[in-house]
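Understanding the architecture of this molecule
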Amino acid sequence: MAWSKGIAEWVEGETAYLSVAFTWHLDDVQQRAAMHRALGRRVVAGGPALFHPRMRAVLEGFAEIEADYPDAIAHHNPEATIASRGCPVGCWFCIVPAMEGREFTLLPDFPVRPILCDNNLSALPADYQDHIISRYVAEGVPLLDANSGFEPRTFTEEVYRRWKLINQGPWRFAFDDQAERADVQRVMGMLQAEPASKKRVYVLIGNEPFEACMERIQEVIGWGGQPHVQPFVKLTAREKAPHARFDWTAARLRDVARWANRFLWRSVPFEEYDRASADRASRAVPHDAQQGLFETRPVAG
Ligand code: SF4
C-alpha cells in the first residue's frame, strides 16, 4: 500500500481533516483548507509539518490546529502504525524532538499493522519493545517494515535478537555523522549474515563537508549495506530543496543522492557520474516506496 506522499485528507461529517508531513506542502494545504471552508466545513489540520509556530501561522484563519489526531498515520498509509512517540536522542537536524519531545510517549494499545513507524525502536525500554513484539505475535500480523527503525548507539545484539523474531523487512538505521562511525561499524558487523538489501542505512549528507559525507556513504557500501542518502533540508523549508553548507552546492547534494539511491555506485564511481545516465537509470530502478512518510528526513538515527 502506497504512502499518501505527504498530505492526508479526509472528511468526517462536517469536518475536513488535513494531515501534512512536509513543510513544503503547506501552501497546498492552505488551498485545500480554503476549499473545504468554502464548502462550509470546519477544517482541522495537524501533522509533522506544523511543528513550528511559523508553520502553524501559514494556516491561521484557514484551519484549526490539532497537534494530536489519534491514528492520523493510517490516513497516510492504512498499513502503518505507531507504538510510541518522541525520541530521547535530540539530534539537531531532526524534527522529532521539537514535534514529539525528548521523552517517549508510549501507546501500548496501538493498532497492530505491518508498517511500524516509531522513531527509535532500539532506545525504547526493553520491556516495551517486548510488549510491541508480543502484540504482533498475538495478533498474527507480520512486521513487514520497521520504517523509521533503529538507532546505532542502542542497536545492540540484545535488540537485534529481540526484533529478529518478527522483523521481515530491512534493518533501517542511520549513519548521520562521523561521530556515529564506531557504532555503525559495530551494527554492520552484527548484521553480517543479513543480505545487503536488508541493511538499509540512512546517510544524511550536507551536514558535514563533502568528503566526510562521501566517506560515510562509501563505508556503508564497503561494510556490505545499501545507503539511502538524504540531503540536508532545513526543518522549516517551504520548498523541497536541499540546503547547501560547507563545500556543498544544492546540485551536488541532489547528484550524490541520485547516484546513491539509484544504486549507480554499483557501476560507476561518483566522479564519473553523469546526470543523464542517472535519469535513464531512474526509469529502471524502482523507487523504495517503503521509505515512507519521512523519506527526505531521517527520523531514526
Ligand atoms: S534522528 Fe533519530 S535518533 Fe536523532 S532525534 Fe531524530 S529520531 Fe531520534
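This is a predicted model, so every value here is computed, not measured. (Residues numbered from 1 in each chain as written. Predicted model: local features only at pLDDT ≥ 70, side-chain atom pairs only at ≥ 80, totals over all residues.)

**Some thoughts on the sheet that holds strand β5 (residues 80-81)**
Across the sheet, which stays open at both edges, the three strands sit in the order β5-β8-β9 with parallel pairing between neighbours. What marks the edges here is a single partner per strand, and that holds for β5 and β9 (145-146). The pairing of strand β8 (residues 115-116) with β9 spans two bridges and is classified as parallel. By the bridge assignment for β9, leucine 116 is matched with alanine 146. (Pairing = 2+ DSSP bridges. Helix = DSSP H or I, 4+ residues; strand = E, 2+ residues; numbered from the N terminus.)

**Points about helix α8 (residues 210-222)**
With 13 residues, α8 ought to run about 18 Å at 1.5 Å a step, and its terminal C-alpha atoms sit 18 Å apart, in line with that. Tucked into the core, α8 has its buried residues touching β11 (199-205), β12 (226-231) and α9 (250-261). (Expected span 1.5 Å × (residues − 1). Contact = placed C-beta atoms within 7 Å.)

**Some points on the sheet that holds β11**
In space, the three strands of this open sheet follow the order β10-β11-β12, with parallel pairing throughout. Here the strands that pair on one side only, and so sit at the sheet edges, are β10 (171-174) and β12. This sheet shows a mean twist of 25 degrees between the axes of neighbouring strands, independent of strand direction. Contacting β11 and β12, α8 crosses the sheet at an angle of about 175 degrees to β11. Strands β11 and β12 of the sheet are contacted by α9, whose axis makes an angle of about 160 degrees with β12. (Axes fitted to C-alpha atoms, helices over the stretch in contact; angles between N-to-C directions.)

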